[in-house]
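Commentary on secondary and tertiary structure
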Amino acid sequence: MADFPLLNTTIKDKRIVYLDSTATALKPQIVLDAMDRYYREYSANVFRGLYDISERATAEFEKAREKIAKFIGAAISREVIFARNASEALNLVASTWGKENIKKNDVVVTTIMEHHSNFVPWQQLTAEKGAILKVVGLDLDYKLDEAELLSAVKEAKLLALTHISNVLGTINPIRSLIKKIRKINSDIVIVVDGAQSVPHIPVNVRALDCDFFAFSGHKMLGPTGIGVLWGKLKYLKQMSPYMYGGEMIKQVYLTKSTFQEPPLKFEAGTPDIAGAIGLGAAVDYLNSIGMDNVRKYEEELTELALLKLSKLPNIKIYGPKKASSRCGVVAFNLFNKDKVLIHPHDVAQVLNEDNVCVRSGHHCAMPLHDNLNVVATTRASFYIYNTKRDVDALVLGLKKVIDIFS
Amino acid sequence: MDIYRENILDHYRNPRNNGNINNPDASEVGFNPLCGDRIKIQVKVEGGKLQDIQFKAQGCAVSIATASMLSEYAQGMSLDNLRKLSKDDILELVGISLSPTRLKCALLSLKTLQRAVKKLQKGG
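Cut-offs applied
- Residues numbered from 1 in each chain as written.
- Chains lettered and ligands numbered in written order.
- Predicted model: local features only at pLDDT ≥ 70, side-chain atom pairs only at ≥ 80, totals over all residues.
- Helix = DSSP H or I, 4+ residues; strand = E, 2+ residues; numbered from the N terminus.
- Rg over C-alpha atoms; globule rule 2.2 N^0.38 Å.
- Contact = placed C-beta atoms within 7 Å.
- Pairing = 2+ DSSP bridges.
- Axes fitted to C-alpha atoms, helices over the stretch in contact; angles between N-to-C directions.
- Core = buried A, V, L, I, M, F, W, Y, C linked by C-beta atoms within 7 Å.
- Buried ≥ 20, exposed ≤ 12 C-beta atoms within 10 Å, placed from the backbone.
- Domains from an automatic or database assignment.
- Nonpolar A, V, L, I, M, F, W, Y, C, P; charged D, E, K, R; others polar.
- Expected span 1.5 Å × (residues − 1).
- Parallel < 35°, antiparallel > 145°, perpendicular 65-115°, else oblique.
- Left-handed = near helix turned anticlockwise from the far one by under 90°.

Notes on the overall build of chain A
- For chain A, the count of helices and strands is 13 helices and 18 strands.
- Against the compact-globule benchmark of 22 Å for 406 residues, chain A has a radius of gyration of 22 Å, which places it among compact chains.
- Restricting to contacts in chain A with at least 6 residues of sequence separation, those with at least 24 account for 71%.

A short note on the sheet that holds strand S2 (residues 37-46) of chain B
Residues and elements named next belong to chain B.
- One open sheet accounts for three strands, arranged S1-S2-S3; its pairing is antiparallel. Both edges of this open sheet fall to strand S1 (26-32) and strand S3 (49-58), since each of them pairs with a single strand only. Taking each pair of neighbouring strands and ignoring which way they run, the sheet shows an average axis angle of 20°.
- With seven bridges connecting them, S1 and S2 associate as antiparallel partners.

A closer look at the nonpolar core
Residue and element names in this part refer to chain A.
- Within the largest apolar cluster, 161 residues are counted, with the highest numbers of intra-cluster contacts made by Ile72, Leu159, Val191, Ala214, Val228, Leu229 and Ile277.
- Broken down by element, the residue count for this core peaks at 10 residues, all from helix H9 (residues 273-289).
- Counting the residues that make up this core, at least three belong to each of domain 1 (30-288) and domain 2 (290-405).
- Aside from chain neighbours lying at most four places away, what touches Val191 is Leu90, Val93, Leu158, Leu159, Ala160, Asp211 and Phe212.

Brief notes about the interface of chain A and chain B
- The partner chain B presents 12 residues to the 10 residues of chain A that form the contact.
- Broken down by element, the side of chain A that touches chain B gets its largest block of residues, four residues, from helix H11 (residues 344-352) of chain A.

A short note on unusual backbone geometry
All names here are of chain A.
- Going from Pro262 to Pro263, the amide bond is cis rather than trans, its omega being 5°.
- Its place among the elements puts Pro263 in the loop between strand S12 (257-259) and H9.
- Even without being glycine, Asp209 reaches a positive phi, approximately 65°.
- Asp209 gets classed as partly exposed once you count the C-beta atoms within 10 Å, which come to 16.

Re the domain arrangement of chain A
Residue and element names in this part refer to chain A.
- Here chain A is described as being made up of domain 1 (30-288) and domain 2 (290-405).
- Each of domain 1 and domain 2 has a C-alpha centre, and the two are 29 Å apart.
- At the interface, 20 residues of domain 1 touch 24 residues of domain 2.
- Residues belonging to the side of domain 1 that touches domain 2 are distributed by class as follows: 11 nonpolar, seven polar and two charged.

Notes on helix H2 (residues 61-73) of chain B
Residue and element names in this part refer to chain B.
- When the terminal C-alpha atoms of H2 are compared, their 18 Å separation across 13 residues agrees well with the 18 Å that a helix rising 1.5 Å per residue should span.
- The buried count for H2 comes to 11 of 13 residues, which makes it a mostly enclosed element.
- Among all positions of H2, only Ala61, Val62, Ser63, Ile64, Ala65, Thr66, Ala67, Ser68, Met69, Leu70 and Ser71 are buried.

Notes on the packing of helix H2 (residues 52-71) of chain A against H9 of chain A
Residue and element names in this part refer to chain A.
- Direction vectors running N to C along H2 and H9 enclose 40°, while the axes themselves pass 8 Å from each other. Between H2 and H9, the interaxial angle falls into the category oblique. As for the relative orientation of H2 and H9, their crossing is left-handed in sense. For the pair formed by H2 and H9, the contact residues are Ala57, Glu60, Phe61, Lys63, Ala64, Arg65, Lys67, Ile68 and Phe71 on the first element and Ile273, Ala276, Ile277, Leu279, Gly280, Val283, Asp284 and Asn287 on the second.
- A per-class count over the contact of H2 with H9 returns 10 nonpolar, two polar and five charged.

Quick look at the environment of Leu6 of chain A
All names here are of chain A.
- Topologically, Leu6 is positioned in the segment before strand S1 (10-11).
- Looking at Leu6, the number of C-beta atoms within 10 Å reads 11, which means it is exposed.
- Along the sequence, Leu6 and Ile16 sit 10 residues apart, while their C-alpha atoms lie 8.1 Å from each other.
- Other than its neighbours up to four places away in sequence, Leu6 contacts Ile16 and Leu26.

Remarks on the sheet that holds strand S5 (residues 107-111) of chain A
Residues and elements named next belong to chain A.
- With mixed pairing, the seven strands of this open sheet are ordered in space as S4-S10-S9-S8-S7-S5-S6. Strand pairing shows two members of the sheet lacking a second neighbour, strand S4 (80-83) and strand S6 (132-136), which therefore form its edges. Direction aside, the axes of adjacent strands within the sheet are offset by 20° on average.
- Pairing geometry for strand S9 (residues 212-216) and strand S10 (residues 227-231), over five bridges, is antiparallel. From the neighbouring strand, Ala214 faces S10, where its bridge partner is Leu229.
- With respect to the sheet, helix H3 (residues 86-101) is in contact with S4, strand S7 (156-162), strand S8 (189-193), S9 and S10, its orientation differing from that of S10 by roughly 35°.

Written out as structure tokens, the structure is:
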């Protein structure tokens, strides 16, 4: 806890109970220090200067790439492309591989539990190309309907699937699903949104056997503005650049240009150097705890939260029943004694009086909320710095909500 | 807790003018995509003044309470004065301070009512 400066601050003389790590995580001191060091000691551009501080910037930048590659089990660091965030990483795939390969009447499969960033790019692409978008639904325990998925992918060119739902917390069994899918359709390209998995569970992209994997730095204790697209090198080599500019070219003539190899081919312009270095430090921090321990700790906290929340009157919790099938994300709604929804914005506002920070709304997953038949939910999410005391603060705050609105 | 003062909760629990008008002169639906607040406002106008305002809404306490308070406040008001109502008038009416996010909830009813009246004046 002491590692996270924000948790040592107070508002209205009360401590901050931060339960919105699914939106963005708090930053440990070592991440702030790593970025500060770059700006203070060697804030030169990368790949350019022949002078010491530029060489150091390049070395630290590439060291961060290597750490990240190792962290997600990539074979080589060249497969790790820096982007702004998971959204940009997913858009990169849709705008390059997608635009070049998806044709009229092709089938693209996605799911109802996607964040907009892994839904809208495919919706727009298929609309533009006259292709077909199939959306796989849920089973009764808020897990993916596996039979529907396996049937949908038969003729599909691409599958875009989240690893963990940012609302339901559902952990999709990606590894076993992909094994089954590859047997049914050996040519399908599989894009996994790992924005909620990399921060919370051990991930090995080679073991998963997906083709692309996207995630954000800021949800895994790193800074905002940096994210990652991992892709199999064979695809990265085929794909056209996403943007043109500095850093990504080999030769420029008046009438034509040639481009760098991956990953630089996809990293036009000066990158977020401090961000990448900060993310590297976040990876160090997570490694020092161990991702198995992160998962174990969060699972226990989630189990406790589910237990305590389920005892509140007229609460509806969305997501798998067992903590073992879900991540530390708990979306719910409270109803008054007449079964009328207490609006999530009112819930969040009352909680805010005691500095309990939760999210309310559709959490960038409107198709899912339509599917659940609710306009919005309140969402509490946990990370390594949360404690049982935070769960108690949430429950206490919700009792206040019930008192006010019943 | 200032924002959920008793009078706000009272208007939320027992909204005034919460109904429909037969043959309204104007009817308008407003939507706040951020929270999913939705409001339908109907008005009757006579001699350039609002004779009746009724609304039906789904949403958070702030949006419903504000709509209720506005519906009382604007009864009998001239259309010209209604057009001039601003954010500050609403804040004064509800008597609470609101964050920018919640302000959208509070302003939904005013914006919808002003749109209804504008439509009426254009149409008429």
